[in-house]
Amino acid sequence: MIFDILGLFRTFIQQLDLRPSMRVLHLGPSEARGGISAVISILTDVDGGEASHSVLNTYSSGNFIGKILAFSRARKDVKAHLKSNAFDIYHIHCASDFSFIRKANYARLLLRKGQRVILHLHSGNIVQWLKEKNRFKRYEDIFSNDKVKVICLSDAWKEQIQPLLGEVHVIENPIHPRHKPSQSKEEGKICLIGRKDSVKGHDFAIELINRLNKKGHEFHLYCTGITNSVSENTTALGWISEKEKVDLLSSSILTLLPSKYEGLPLAALESLACNTPVLANESLIGLPLIVETAKDFDFEDWEKKIIDLAKKTRDSFELIDSVKDYEKEVICQKWEEFYHRIIDSTT
């Protein structure tokens, strides 16, 4: 009888969740169009995880005044959360430039109240931006604080960021499970996925396809982010739905990534998951090794690589297998474990 009671008691204790709570607030551009908002959406849409996730949008699509107002609203919301002790971890998603300046302001506000802060660096321009005018020295109070954990997107980025900022951890971007082959390949179809921004290389890609077609090839470029087709060899798609993006990636024979800089572009990971090869500027770092590269903005090298890739045959699972470690379940589990380490080390 006594043993039965003890056994029931042990079972009851095991079923209790006695570990500290993990209430996580994500601060970032969750309502923007782009990679960071997609990452926030994936990380916060988790069933069965121990962490509970909430989101505070910090983005405004308006002018400078609109951005200042959005910053003020978000700061006010953060203060309200602090007053109610609503969260255990504040997960801040930031790029560079004004984005980083705003997020650093939130971080200082949180640190003054002794909160745990994650600075999740998404931008491929962050190292250059912090080095300019020795900006990183203005934020030494943040990076040296024991309550702050800095996350970057690859080991290659860690090698560049850690000497500048101190200890840096690596957790890669996740691929949503919707990204898998959905269409058969269409001969000559090439795509570029990205917002309308000069750093994404739309103009270079359009001219590249024009040059190839003038030489007798038959390629057609489909671009997201832009709304005007300035060439008969290009179709401008504007902003497309996630379903349309999966179909576009799946039906293309190649995805172009002629960006000036990138963190860890979801477009590349999603393309590989859809069994479509990627050709990128060789200066971009941290991409899966299977990604093909060409000399930065060198038309002749890009033309040669496109022609070669259009002829190349691959094992049907080679590209898909190359991004297995970026699947949503894998990355979300890494975050769960990281949140636990943060809580355990500061409890």
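Since the model is a prediction, treat every value here as computed from it, not as a measurement. (Residues numbered from 1 in each chain as written. Predicted model: local features only at pLDDT ≥ 70, side-chain atom pairs only at ≥ 80, totals over all residues. Heavy atoms only, no water.)

Now for the sheet that holds strand β4 (residues 116-121). Across the sheet, 6 strands lie side by side as β2-β1-β3-β4-β5-β6; this open sheet has parallel pairing. Looking at strand neighbours, the two that pair on one side only are β2 (52-57) and β6 (169-170), the edges of this open sheet. Taken together, the 6 bridges between strand β3 (residues 89-94) and β4 define a ladder with parallel strand orientation. Residue pairing for β4: Ile 89 is matched across the bridge by Arg 116. Each of β1 (23-28), β3, β4 and β5 (148-152) is contacted by helix α4 (residues 97-112), which is oriented at about 165 degrees to β3, the strand it contacts most. (Pairing = 2+ DSSP bridges. Helix = DSSP H or I, 4+ residues; strand = E, 2+ residues; numbered from the N terminus. Contact = heavy atoms within 4.5 Å. Axes fitted to C-alpha atoms, helices over the stretch in contact; angles between N-to-C directions.)

For the rest of this paragraph, the subject is the confidence of the model for the chain. Confidence in the prediction for the chain averages 92 pLDDT; 94% of positions are at 70 or higher. Scored below 50 in pLDDT, residues 9-18 shows 0 contacts in the model against residues more than four places distant or in partner chains. (pLDDT = per-residue confidence, 0-100.)

Per the counting criterion, the structure on display carries 18 salt bridges. Between Lys 245 and Glu 242 there is a salt bridge, with the nearest N and O atoms lying 3.5 Å from each other. Residue Lys 245 and its partner Glu 242 are both found in helix α9 (residues 242-251); the two are separated by 3 residues, about one turn of the helix. Taking the relative accessible area as the measure of exposure, Lys 245 reaches 11% and is therefore buried. (Salt bridge = Lys/Arg side-chain N within 4 Å of Asp/Glu carboxyl O. Buried < 20%, exposed > 50% of the residue type's maximum accessible area, 1.4 Å probe, protein only.)

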